[in-house]
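So the chains spell out like this:
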Amino acid sequence: MDDQSEERDTALSDDDEQLADRQPEGPPRQDPSGEAVGNLPFYKFFCLRVQKLWRNKREKVASKRWKEKDRLEYILPRRMIKDLNGQTIFPYLRLLLPEQDSRRQFNVKEKKIAEAYCKVLAFRKGTKSYEMLMNFTDPQAVPSNIAGDLSLVIEYVLKQRLPVDPDQPDQPYLHSNVKLKTINHYLDEIANLRAYASKDNSRTTAHHNHEWRRSPENQRSSRGNNEDSGEKQTDANLRADWLRRVMNHGLSPLEHKWLVRILQKKVRNPL
C-alpha cells in the first residue's frame with residue numbers, strides 16, 4: 001500500500017513539474033496595438049472605401065460588378081495588413097462589422113436617431129426637413145428611391161445644408177479629418193450613454209487596454225454638456241448632445257450616412 005502511495009505521489013510530482021514548465025514567463029499578455037489602424041482617416045479610408053463597394057454592388061450591368069474575392073481584397077488590402085507589422089485591425093473591423101461586435105450594443109431606434117438630428121439641426125415640426133427625417137419611410141415625404149433608408153435620407157437632407165468644396169468635383173462636400181479611433185470612441189459612448197454622461201466616466205473604460213479607448217483626449221470629449229447647460233439628462237437630450245459633439249468635427253453628408261449605417265448595424269449588407 002505504501003509503495004502504491006509513493007508511486008502516486010511521484011507521478012503527481014512529475015505532473016506538477018510539467019505544469020510549472022508550461023507557465024508563461026514575464027508580464028501578462030496584452031492585446032496587440034491598434035494605434036496604426038486607429039489613426040486612419042474615417043472619411044478617406046473607411047467611408048470612401050465602403051461607398052465604392054456599395055455603389056459597385058448596385059451596378060445595373062452585371063459584368064461591371066466585382067467578384068467576391070475582389071471585394072474582399074479591396075476592403076481588406078493585403079498591403080495594409082502587411083504594413084501593420086503585427087498590429088491589430090480590430091478598430092477597423094468594429095466599424096466594418098458592427099453586427100458582429102458583441103461588446104457594443106447601440107439599442108437606438110431609427111426614429112430616435114432621426115429625432116436627434118432634428119433637435120441638433122433645429123428642424124421644427126412642420127418644416128420640410130423635419131417631415132423628411134421623421135417620415136423617412138414615406139415615399140410621399142422623401143424621394144421614392146431613398147424612402148425607407150434613414151441613412152440615405154439623412155445624407156440627402158444634409159447635402160442641402162452643409163458646405164461644398166469647389167476644388168473636389170467628385171466629392172464636393174467638405175469632410176472631416178476625424179480618425180477611426182475617435183469614431184470608435186463616440187460609438188462606445190452612445191452604446192452606454194448614461195455611464196459616459198457621469199463625471200467619473202474613466203471607470204467605464206478602465207478594463208479596456210486599447211489606446212483609442214483610454215486616451216485622455218477621448219475621455220474628456222465623452223463628457224456631455226448637459227450639466228453645464230442645466231438641461232435635463234433625458235435619453236433624448238443625451239443623444240442630441242452626443243450628436244452635436246460628433247458634428248463639431250465637421251463630418252460630410254457621406255460620413256453621416258455611414259455613421260448612421262453603423263448605428264443601424266447595416267454596414268455589411270451592401271458589401
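See above for the structure.
Summarised in this report is the structure supplied together with it. Throughout, residues of each chain are indexed from 1 in the direction in which the sequence is written. A pLDDT threshold of at least 70 governs which residues receive local features in this predicted model, and a stricter bar of 80 or more applies before side-chain atom pairs are shown or counted, although totals over entire chains, interfaces and linings include all residues. Side-chain measures were taken over the full set of non-hydrogen atoms in the model, leaving aside hydrogen atoms and water.

### Concerning empty space enclosed by the protein
Turning to step 1, where the next piece is worked out: Put plainly, a pocket is an open set of points on a 1 Å grid over the protein atoms alone with protein on both sides within 12 Å along at least five of seven lines, a cavity is a set where a 1.4 Å probe fits but cannot get out, and a lining residue has an atom within 4 Å of a point. Grid points are joined across faces, edges and corners, and a volume is the space filled by probe spheres set on the points. By the definition in use, this model includes 2 cavities of 30 Å³ or more.
Turning to step 2, where the next piece is worked out: In this structure, the largest cavity occupies an estimated 60 Å³ of space.
Turning to step 3, where the next piece is worked out: What lines the largest cavity is Val108, Ile113, Ala116, Tyr117, Ile190, Arg239, Trp242, Leu243 and Leu263.
Turning to step 4, where the next piece is worked out: Contributions of two or more residues to the lining of the largest cavity are made by α7 (110-120) and α15 (235-247).
Turning to step 5, where the next piece is worked out: For this scheme, ten residues count as nonpolar: Ala, Val, Leu, Ile, Met, Phe, Trp, Tyr, Cys and Pro. Four count as charged, namely Asp, Glu, Lys and Arg, and the remainder, Gly too, count as polar. Here the residues of the lining of the largest cavity are counted per class, giving 8 nonpolar, no polar and 1 charged. Helix and strand definitions here come from DSSP, where helices need a minimum of 4 consecutive H or I residues and strands a minimum of 2 consecutive E residues; each element is numbered from the N-terminal end.

### A look at the environment of Leu174
Turning to step 1, where the next piece is worked out: Take Leu174: it is sitting in the loop between α9 (150-159) and α10 (180-191).
Turning to step 2, where the next piece is worked out: In this scheme, a residue with accessible area under 20% of its type's maximum is buried, one over 50% is exposed, and one in between is partly exposed, where area comes from a 1.4 Å probe on protein chains only. The exposure class assigned to Leu174 is partly exposed, which follows from its relative accessible area of 40%.
Turning to step 3, where the next piece is worked out: For the pair Leu174 and Pro253, spaced 79 residues apart in the sequence, the C-alpha separation amounts to 8.8 Å.

### Comments concerning unusual backbone geometry
The bulk of non-glycine residues show a negative phi, and the bulk of peptide bonds are trans.
Turning to step 1, where the next piece is worked out: Located in the positive-phi region is Asn107, a residue other than glycine, with phi close to 50 degrees.
Turning to step 2, where the next piece is worked out: Owing to a relative accessible area of 73%, Asn107 belongs among the exposed residues under this scheme.
Turning to step 3, where the next piece is worked out: One non-glycine residue with positive phi stands out, namely Lys265, at about 60 degrees.
Turning to step 4, where the next piece is worked out: Within the secondary structure, Lys265 sits in the segment after α16 (253-264).

### Re the pattern of salt bridges
Turning to step 1, where the next piece is worked out: Criterion for a salt bridge: a side-chain nitrogen of Lys or Arg within 4 Å of a carboxyl oxygen of Asp or Glu. By the definition in use, this model includes 13 salt bridges.
Turning to step 2, where the next piece is worked out: Across the pair Asp188 and Arg104 runs a salt bridge whose closest N-O atoms are separated by 3.0 Å. Remark: Arg104 occurs in the loop between α6 (90-96) and α7 and Asp188 occurs in helix α10; sequence separation between them is 84 residues.
Turning to step 3, where the next piece is worked out: Exposure remark for Asp188: the relative accessible area of 8% places this residue in the buried category.
Turning to step 4, where the next piece is worked out: Owing to a relative accessible area of 2%, Arg104 belongs among the buried residues under this scheme.
Turning to step 5, where the next piece is worked out: Across the pair Glu155 and Lys159 runs a salt bridge whose closest N-O atoms are separated by 4.0 Å. Remark: Lys159 and Glu155 occur in helix α9; sequence separation between them is 4 residues, near one turn of the helix.
Turning to step 6, where the next piece is worked out: Each of Arg94, Asp101, Arg104 and Asp188 takes part in a single network of salt bridges with overlapping partners.

So yeah, pure geometry; function would need other evidence.
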